[in-house]
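Tertiary structure, described
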Amino acid sequence: MVKYMIKRLLSAVVTLVVILTIVFVLVRQMPIEGYFDNFDKMDQDMIEARLTQMGLNDPMHVQLLRFFGQLLHGDLGASARYRIGADIGDIIAQKAPLSIEMGVMSMALAMLLGLPLGAAMARAKSRFWDKFGTAFIVFVNAVPAAVYYIYLQSYGSAALKISMLFSRDDWRTWILPVFSMSLGNIAYYAMWLRRYMVDEMNKDYVKLARAKGLSNTKITVGHVFRNAFVPMIQYIPTSLMFTVCGSIYIESLYSVPGMGGLLVDVINRQDNPMVQAIVMIYSCVGIIGLLLGDLLMALIDPRITFGAKEDAR
Amino acid sequence: MGMLRKAKMAPLEDRMQKELAARREAAERDPFGFADYDHAQAEIGGYANYSYWGSTFRAFLKNRAALTLLIVLALLVGFTLIQPALPNQYVAGQIINHPTTGVQLSNVSPSSTTVKAHAKAGTQLIVTSWQDDKWAAVSNVLQNLKARTAFTILEYGEAYCKVDLNGQIGYVKNDFSTKLKLPEDPSATPYESRSNFAIKLYSAPDDYTNNGDPLFVKKEYLDISGDHAVTKADCDLHILPSTAPFLFGTNNLGQDLWALVWRGTRTSLFIGFTVAVIEALVGIVIGVLWGYVRKLDRLLTAVYNVVDNIPTTIVLILIAYIMRPGIRTLIFAMCLTGWVGMARFIRNQIIIIRDRDYNLASRCLGTKTYRIVMRNLLPYLVSVITMRMALAIPGAIGSEVFITYIGLGLPVSIPSLGNLINAGRKLISTSQSYQLVFPTVVLSVITISFYMIGNAFADAADPKNHV
């Protein structure tokens, strides 16, 4: 068990290093304008001088080693255009808490709504809740999120009689962004929980429980739901990624001063160091999510065997 | 197909019926006796009238919703492809100017016709200098009146008042925009009046202009003398010297939205199909290598672990940021991560079936690897590959919309559904919201259809459902 965890952790670290290297090398291929705030006014000598000063004229491996050295000290470099010269770590430290808060809220909301919906769908096979849930899942999965977010923002804020933009102090403006962000996850949880519960319901122990005379509710909640919930754990990383991607769009749509909106901002201003830093942070979130999912799964489900998987074939 | 099979099977079925009848007869004669030995009957075998694709097809046809959507989708895609060849179409992206004033026809609301107004026979019209051999530009503005010009109201009406201006009889609009000065009892005509604003004197109780620009009428309806004309019969006044309407209206640049939407649909579908095909090809090749060549397994698994760990959206954003915006960039960025899912799936399936006995036998008989893969392995996976491709298309179209929103999508010169939705987004709560509604409806129909059809096909292709 511990061996498996250490192995998994190491592989995550290796993956992280590879991804950071790829991102770093890719961003070096960008036009150099993204490193200067007033590129048009500078002459060739000044540009060269600044590039040398920033160390961008060094060979790639030197830059890379220096970058990892800085990273180990928690130094992400300085912003070039967004807030000139400001430390990227500081900017992100200001923005990240709000994004995290919102992401956690939306994931909690998704579980709160998605799991009951999935359970209701599994119980009401081909009656109202099943049909409603299926229609909802198809809609959310098929129609690009970008489209229904727009309508939700416009009509939702009109219906609730609130401003279309987010303001931190007014709790009512939290409703729509958090709800929009959770929509994808609600559909996802509902879809998989329904599938697992339907599978679980056809098993023999449910028949036994029914023969014993247990009530339907007791069977569903006490047996079927508990067993069907275990494999759901492995969807936490995916749903974390959903939330991350959703946050990019939603935060910029509602002008939430968080990380996702920041990414869109710095892309539009072509601030290379900031784009690099934020992309790296999001990649880390993805890796950590997958790692967490695997570890949780290993902790919770006793049926999982460790290692030796590859030899089975 | 069915006919042929029936013809082939009929003799066999006949023989089986005969045999059964004979057996029944024998059983009646002597229920517990031995049956006679008949060499011909001993040779008869049964047959399974089962074909995989036939059953898949039948199962799919049973799903009414998916079938309907398939037809809708086929019509939509077909229409998208032939739309530019249809008569009376504007070129996508062409800015349509008003022929007389040169102003862009921006934000014209959607309509199935260009007719703006109807004129009765005998209506007096003013002809402007623009004419071609068929059409003439006209308006019914007799005179532009300065603010506070005095005139006599002859007849009071709710919408238009008939007035006399120094002997010239005409009509003026009577609403909040003109603010006519009215006496206590407006019906006690005639009386002196004026407007506090600059207004127009019309020749008929209606406004025959397109927000002040001239309208167009066919010359055959007009009796032209100098710059005046009188209509010979009831006729239609058009906003353009053509009968091609703006079915979806125009955008703020004066481009026909109908043409733009279909052009955009073509772009989006092209991106979707290309991405699906490339993902499938790359995914199959890598998946087969991964599953079949044991030496590559370790390496490809390591590559997979890295690629699968990066959030797809982040790769999309990064590649689109680094490369020049364009269709190729988008397709490349989407394919860069898209093949992973397909490759892993194929690899898992191939590992499951590659060492089954028939493949082992095939290998022992010296069949080439290529042939084993093409003949023995891939046909098993066709249905699932098709399904994954059907689901990749809406995914790619959605990614395009997302990446355009971030500002890394296609340039405005290449219309796509993402571009149109992004442009319409700002107009959602205005009267021009149709500029968002039309692209989103088309987009939703396409993505939902592909999604539903893909899923229905996956269900139909599952042999468990072939009962």
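Here the structure is a predicted model, which means the values were calculated and not measured.

Reading guide: rules and limits
Numbers given for residues are sequential positions, taken from 1 along each chain in its written order. Chains carry letters and ligands carry numbers; both start at the beginning, A for chains and 1 for ligands, and go up in the order they are written. Totals for whole chains, interfaces and linings use every residue, but because this is a predicted model, local features are given only for residues with pLDDT of at least 70 and side-chain atom pairs only at 80 or more, for both listing and counting. Note on conventions: DSSP H or I runs of at least 4 residues are helices, E runs of at least 2 residues are strands, and numbering of each starts at the N terminus. Here the radius of gyration uses the C-alpha set of atoms, whereas the globule reference equals 2.2 Å times the residue count to the power 0.38. Any residue with 12 or fewer other C-beta atoms within 10 Å of its own C-beta is exposed, any with 20 or more is buried, and the rest are partly exposed; the C-beta atoms used are placed from the backbone. Here, residue contact means that the backbone-derived C-beta atoms of the two residues sit within 7 Å. Marked domain ranges trace back to an automatic or database domain assignment. When DSSP finds two or more bridges between a pair of strands, those strands are recorded as paired. For this scheme, ten residues count as nonpolar: Ala, Val, Leu, Ile, Met, Phe, Trp, Tyr, Cys and Pro. Four count as charged, namely Asp, Glu, Lys and Arg, and the remainder, Gly too, count as polar. In predicted models, pLDDT denotes the confidence assigned by the predictor to each residue on a 0 to 100 scale. To get an axis, fit a line to the C-alpha atoms, keeping to the stretch in contact for a helix; angles then go from 0 to 180 degrees between the N-to-C directions. We call two directions roughly parallel when the angle between them is under 35 degrees, roughly antiparallel when it is over 145, roughly perpendicular when it lies between 65 and 115, and oblique otherwise. For a crossing to be left-handed, the near helix must be turned anticlockwise from the far one by less than a right angle; the clockwise case is right-handed.

Moving on, we get to the overall build of chain B. Across its full length, chain B carries 13 helices and 13 strands. A globule of 467 residues ought to have a C-alpha radius of gyration of about 23 Å, yet chain B, at 36 Å, is considerably larger. Principal-axis analysis of the C-alpha atoms gives chain B an extent of 120 × 70 × 45 Å. Counting the 467 residues in chain B, one finds 36% classified as buried.

What follows deals with the overall build of chain A. Within chain A, the regular secondary structure consists of 12 helices and zero strands. Its helices and strands in sequence order give chain A the pattern α-α-α-α-α-α-α-α-α-α-α-α, from N to C terminus. Judged by the C-alpha coordinates and their principal axes, chain A covers about 85 × 60 × 30 Å. When each of the 313 residues of chain A is scored for burial, the buried share is 35%. In chain A, of all internal contacts separated by at least 6 residues, the share reaching a separation of at least 24 is 73%.

With that out of the way, let us pick up the domain arrangement of chain B. According to the domain assignment, chain B contains domain 1 (115–238) and domain 2 (257–465). Each of domain 1 of chain B and domain 2 of chain B was reduced to a C-alpha centroid, and the two centroids are 60 Å apart.

All names here are of chain B. With four bridges connecting them, strand β11 (residues 222–225) and strand β12 (residues 228–231) associate as antiparallel partners. Opposite Ser225, over in β12, you have His228 as the bridge partner. Hairpin geometry of β11 and β12 is characterised by an intervening segment of two residues between the two adjacent antiparallel strands and by a positive phi of about 65 degrees at Gly226.

With that settled, the discussion passes to the interface of chain B and chain A. At the interface, 32 residues of chain B touch 33 residues of chain A. Partitioning the side of chain B that touches chain A into residue classes produces 22 nonpolar, nine polar and one charged.

What follows deals with unusual backbone geometry. In this structure, Ser255 of chain A is a non-glycine residue whose phi angle is positive, near 55 degrees. With respect to the helices and strands, Ser255 of chain A occurs in the loop between α10 (236–253) and α11 (259–268). When the 14 C-beta atoms within 10 Å are taken as the criterion, Ser255 of chain A is described as partly exposed. The backbone phi angle of Arg148 of chain B is positive, close to 65 degrees, even though this residue is not glycine. Following the sequence through the fold, Arg148 of chain B ends up in the loop between β4 (141–145) and β5 (150–155). According to the C-beta neighbour criterion, Arg148 of chain B is exposed, with 11 such atoms within 10 Å.

For a regular strand, side-chain orientation follows a simple rule: the groups alternate between the two sheet faces. Residue and element names in this part refer to chain B. As judged from the four bridges shared by β5 and strand β8 (residues 191–194), these two strands associate in the antiparallel manner. Residue pairing for β8: Ala150 is matched across the bridge by Arg194. Bridge count between β5 and strand β6 (residues 160–165): three bridges; the pairing is antiparallel. Its bridge partner being in β6, Thr152 is matched across the sheet by Asp164. The hairpin turn running from β5 into β6, its antiparallel successor, is four residues long.

On to helix α8 (residues 204–212) of chain A, then. Within α8 of chain A, only zero of the nine residues are buried, leaving the element largely exposed. Once α8 of chain A finishes, Gly213 of chain A follows within two positions and takes phi at roughly 100 degrees, a positive value.

Summarising the model, chain B shows a mean pLDDT of 83, and 97% of its residues fall at 70 or more. Scored as a whole, the predicted complex attains pTM 0.80, and scored at its interfaces, ipTM 0.83.

All names here are of chain B. Note that Thr209 resides in the loop between β9 (199–202) and β10 (215–218). Sequence separation between Thr209 and Lys116 is 93 residues, and the spatial gap between their C-alpha atoms is 8.0 Å. Aside from chain neighbours lying at most four places away, what touches Thr209 is Ser139, Val141, Pro214 and Leu215.

Residue and element names in this part refer to chain A. As for its placement among the helices and strands, Val13 is situated in helix α1 (residues 2–28). Here Val13 falls in the exposed class, since 12 other C-beta atoms lie within 10 Å of it. Each C-alpha atom, one on Val13 and one on Gly34, is 29 Å from the other, the two residues being 21 residues apart in sequence.

In this section: the confidence of the model for chain A. Chain-level statistics for chain A give a pLDDT mean of 82 and a share of 96% at 70 or above. Throughout residues 307–313 of chain A the model reports pLDDT below 50, and contacts reaching past four residues in sequence, or to other chains, amount to two contacts.

Moving on, we get to the packing of helix α6 (residues 294–309) of chain B against helix α8 (residues 327–353) of chain B. Residues and elements named next belong to chain B. At a closest axis distance of 10 Å, the pairing of α6 and α8 adopts a crossing angle of 130 degrees. In terms of their interaxial angle, α6 and α8 are classed as oblique. Taken as a pair, α6 and α8 cross one another with a handedness that is left-handed. Of α8, the residues touching α6 (which contributes Tyr304, Val307 and Asp308) are Thr337, Val340 and Arg344.

With that settled, the discussion passes to the packing of helix α11 (residues 382–406) of chain B against helix α13 (residues 434–461) of chain B. Residues and elements named next belong to chain B. Where α11 meets α13, the closest approach of the two axes is 9 Å, and the angle between their N-to-C directions is 165 degrees. Relative to α13, the element α11 is oriented roughly antiparallel. In the packing of α11 onto α13, the handedness of the crossing is left-handed. Across the interface between the two elements, Ser383, Thr386, Met387, Ala390, Leu391, Ile393, Pro394, Ile397 and Gly398 of α11 pack against Leu443, Ile446, Thr447, Phe450, Tyr451, Ile453, Gly454, Phe457, Ala458 and Ala461 of α13. Residues that form the contact of α11 with α13 fall into these classes: 14 nonpolar, five polar and no charged.

Moving on to the environment of Val412 of chain B. Residue and element names in this part refer to chain B. Here Val412 shows up in the loop between α11 and α12 (417–425). Exposure remark for Val412: the 14 C-beta atoms within 10 Å place this residue in the partly exposed category. For the pair Val412 and Ile446, spaced 34 residues apart in sequence, the C-alpha separation works out to 22 Å.

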